[in-house]
Protein chains: 2
Amino acid sequence: MVSAPSGAGKTSLCRELIDSFPDLRQSISFATRPIRKGERDGIDYHFIDTEVFQAMVEQKQLAEWAEVHGNLYGTSLETLTDAAEGGVDILLDIDCQGAAQIKENYQRGVFVFILPPDYSELEKRLYARGTDSDEVIQRRLENAQFEIPQASWYDYLVVNDDFQSAKERLCSIVSAERCRSHRTGQLLENFTVKGDK
Amino acid sequence: MVSAPSGAGKTSLCRELIDSFPDLRQSISFATRPIRKGERDGIDYHFIDTEVFQAMVEQKQLAEWAEVHGNLYGTSLETLTDAAEGGVDILLDIDCQGAAQIKENYQRGVFVFILPPDYSELEKRLYARGTDSDEVIQRRLENAQFEIPQASWYDYLVVNDDFQSAKERLCSIVSAERCRSHRTGQLLENFTVKGDK
């Protein structure tokens, strides 16, 4: 799970992560909004009816969900458990609320928060991007003030001060987590003491 | 803390780690054996009298210690706490018993166990090294059968199947651990909400 305030560089960093680890899979969310031209069901999203989505919520089949502009979006628990059981690592580019729900409902996963060096640098980057109006930028900065304190419960903090070094640190987290003994303990089965078999 | 059975490649991997992270410091142990020609007190070891060492043991000043061939060797708790407080990372190349004592007495630190791919590969490497007699190699292999199951309580397992990739994984552990939020939480102090000051 990777979260960040808007402008911290999360999207670019996640793209680099996928390039570095081609076996990392991106999660496919469920969505109730109409399918758009060029989108493919089951690839961009699993497009489902609102009633079906609501039934999934009631049956606690979603690890996280949210309403955005009147549409429902969510990640199923099955997506996460199937991947874990199949030994597949999934990358979720997700906001703080979604990440908090996953921590609560799934109780596993590795949570990484990308930080800008400070607020003034974040502001500078949002203006430099040139994609948002002043009003939108001000809203993003206000949101950042609520999002950044959430970082305290994440497992890892990566400051995107220098893009290349932030990329390397993010990649090191994936690489190191794959060596953690609760994930690699089965390696010790290669070492049954001679004569035990 | 890095442990491994003899022949797994720990010494070479730790050397690469120090090359990759020049700010990693190696711990200087206390020792009661006589200083040898070319050794420097306070650099190779802190050379102390047996009585002083025993007093340190009694006053629980050592994070780990052991007797080897009639001499006493140990790592002081102060070495570890001073480094932690000074923001310095220390590398300890240490056997399983020492690592277990540190886990017990210091209750912090990151524990990494280097594994060979399997026993037959370990045996092959010990013979290929050409430095030990058959008898010594057999003793090393017997020790490995006691040491390797200890790996289960370590934080990370790194299989030295391919040296370069094992090196990268070991380096990724240092890099990732430096991003862990319990070590980097003070970064969030850069983000006091405007108007709070």
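Here the structure is a predicted model, which is why all the values come from computation and not from measurement.

1. Considerations on the overall build of chain A
When its secondary structure is counted, chain A shows eight helices and nine strands. Along the longest, intermediate and shortest principal axes, the C-alpha atoms of chain A span 75 × 45 × 30 Å. Across the 197 residues that make up chain A, the buried fraction comes to 30%. Considering only intrachain contacts with a sequence separation of at least 6, the fraction spanning at least 24 residues in chain A is 64%.

2. Looking at the relation of the copies chain A and chain B
Superposing chain A onto chain B takes a rotation of 180 degrees combined with a translation of 0.0 Å along the rotation axis, leaving an RMSD of 0.0 Å. One copy is carried onto the other by what is essentially a two-fold rotation axis. Rotation axis and chain A: the residue whose C-alpha lies nearest the axis is Ser172(A), separated from it by 2.2 Å. The overlap is high: 100% of the interface residues of chain A also sit at the interface in chain B, so the same surface is used on both sides.

3. Notes on the sheet that holds strand S1 (residues 2–3) of chain B
Residue and element names in this part refer to chain B. Across the sheet, which stays open at both edges, the three strands sit in the order S1-S8-S9 with parallel pairing between neighbours. Since the sheet does not close on itself, it has two edges, and those belong to S1 and strand S9 (156–159), each with one partner. Across the sheet, helix H7 (residues 163–177) lies against strand S8 (112–115) and S9, angled at about 160 degrees from S9, the strand it touches most.

4. So, the interface of chain A and chain B
Across the boundary between the two partners, chain A contributes 30 residues, which contact 30 residues of chain B. Put simply, the parts of the chain that give the side of chain A that touches chain B at least two residues each are strand S9 (156–159), helix H7 (163–177) and helix H8 (181–184) of chain A. The class makeup of the residues in the side of chain A that touches chain B is 17 nonpolar, eight polar and five charged.

5. Describing the packing of helix H5 (residues 119–129) of chain B against helix H6 (residues 134–147) of chain B
All names here are of chain B. Interhelical geometry of H5 versus H6 gives an angle of 150 degrees and a closest axis separation of 10 Å. When the axes of H5 and H6 are compared, the pair comes out roughly antiparallel. Between H5 and H6 the crossing geometry is right-handed. Along its contact with H5, which presents Tyr119, Leu122, Glu123, Leu126 and Tyr127, the element H6 presents Ile137, Arg140, Leu141 and Ala144. Residues belonging to the contact of H5 with H6 are distributed by class as follows: seven nonpolar, no polar and two charged.

6. Some thoughts on the packing of H7(A) against H7(B)
For the pair H7(A) and H7(B), the least separation of the axes is 8 Å and the interaxial angle reads 115 degrees. The two elements H7(A) and H7(B) meet at a crossing, and its hand is left-handed. Counted together, Arg169(A), Ser172(A), Ile173(A), Ser175(A) and Ala176(A) of H7(A) and Arg169(B), Ser172(B), Ile173(B), Ser175(B) and Ala176(B) of H7(B) form the full contact between these two elements. Residues that form the contact of H7(A) with H7(B) fall into these classes: four nonpolar, four polar and two charged.

7. With respect to the nonpolar core
Core analysis: the biggest nonpolar cluster contains 80 residues, and Val112(A), Ile114(A), Val158(A), Val112(B), Ile114(B) and Val158(B) have the highest contact counts within it. When residues no more than four places from it in sequence are discounted, the contact partners of Val158(A) are Val112(A), Ile114(A), Leu115(A), Ala166(A), Arg169(A), Leu170(A) and Cys179(B).

8. Regarding the domain arrangement of chain A
Residue and element names in this part refer to chain A. Annotation of chain A at the domain level lists domain 1 (1–23 + 90–178) and domain 2 (25–88). The centre of domain 1, based on its C-alpha atoms, is set 21 Å off from the matching centre of domain 2. Across the contact, 11 residues belong to domain 1 and 12 residues belong to domain 2. Elements that contribute at least two residues to the side of domain 1 that touches domain 2 include exactly strand S7 (90–91) and helix H4 (96–106). For the side of domain 1 that touches domain 2, the leading source of residues is H4, giving six residues. Taken together, the residues that form the side of domain 1 that touches domain 2 break down as six nonpolar, four polar and one charged.

9. Overview of helix H4 (residues 96–105) of chain B
Residue and element names in this part refer to chain B. Along H4, the positions that sit buried rather than exposed are Cys96, Gly98, Ala99 and Ile102. Axial view of H4: buried residues confined to an arc of 160 degrees, hence all on one face. Directly beyond the C-terminal end of H4, a positive phi value near 55 degrees is found at glutamine 107.

10. Quick look at unusual backbone geometry
Its identity as a non-glycine residue notwithstanding, Lys60(A) has a phi of 50 degrees, on the positive side. Take Lys60(A): it is sitting in the loop between helix H2 (50–58) and strand S5 (62–68). Lys60(A) gets classed as exposed once you count the C-beta atoms within 10 Å, which come to 9. The backbone of Gln107(B) sits at a positive phi, close to 55 degrees, despite the residue not being glycine. With respect to the element layout, Gln107(B) can be found in the loop between H4 and S8.

Conventions we followed
- Residues numbered from 1 in each chain as written.
- Chains lettered and ligands numbered in written order.
- Predicted model: local features only at pLDDT ≥ 70, side-chain atom pairs only at ≥ 80, totals over all residues.
- Helix = DSSP H or I, 4+ residues; strand = E, 2+ residues; numbered from the N terminus.
- Buried ≥ 20, exposed ≤ 12 C-beta atoms within 10 Å, placed from the backbone.
- Contact = placed C-beta atoms within 7 Å.
- Least-squares fit on C-alpha atoms with pLDDT ≥ 70 in both.
- Pairing = 2+ DSSP bridges.
- Axes fitted to C-alpha atoms, helices over the stretch in contact; angles between N-to-C directions.
- Nonpolar A, V, L, I, M, F, W, Y, C, P; charged D, E, K, R; others polar.
- Parallel < 35°, antiparallel > 145°, perpendicular 65-115°, else oblique.
- Left-handed = near helix turned anticlockwise from the far one by under 90°.
- Core = buried A, V, L, I, M, F, W, Y, C linked by C-beta atoms within 7 Å.
- Domains from an automatic or database assignment.
- Arc of directions from axis to C-beta.

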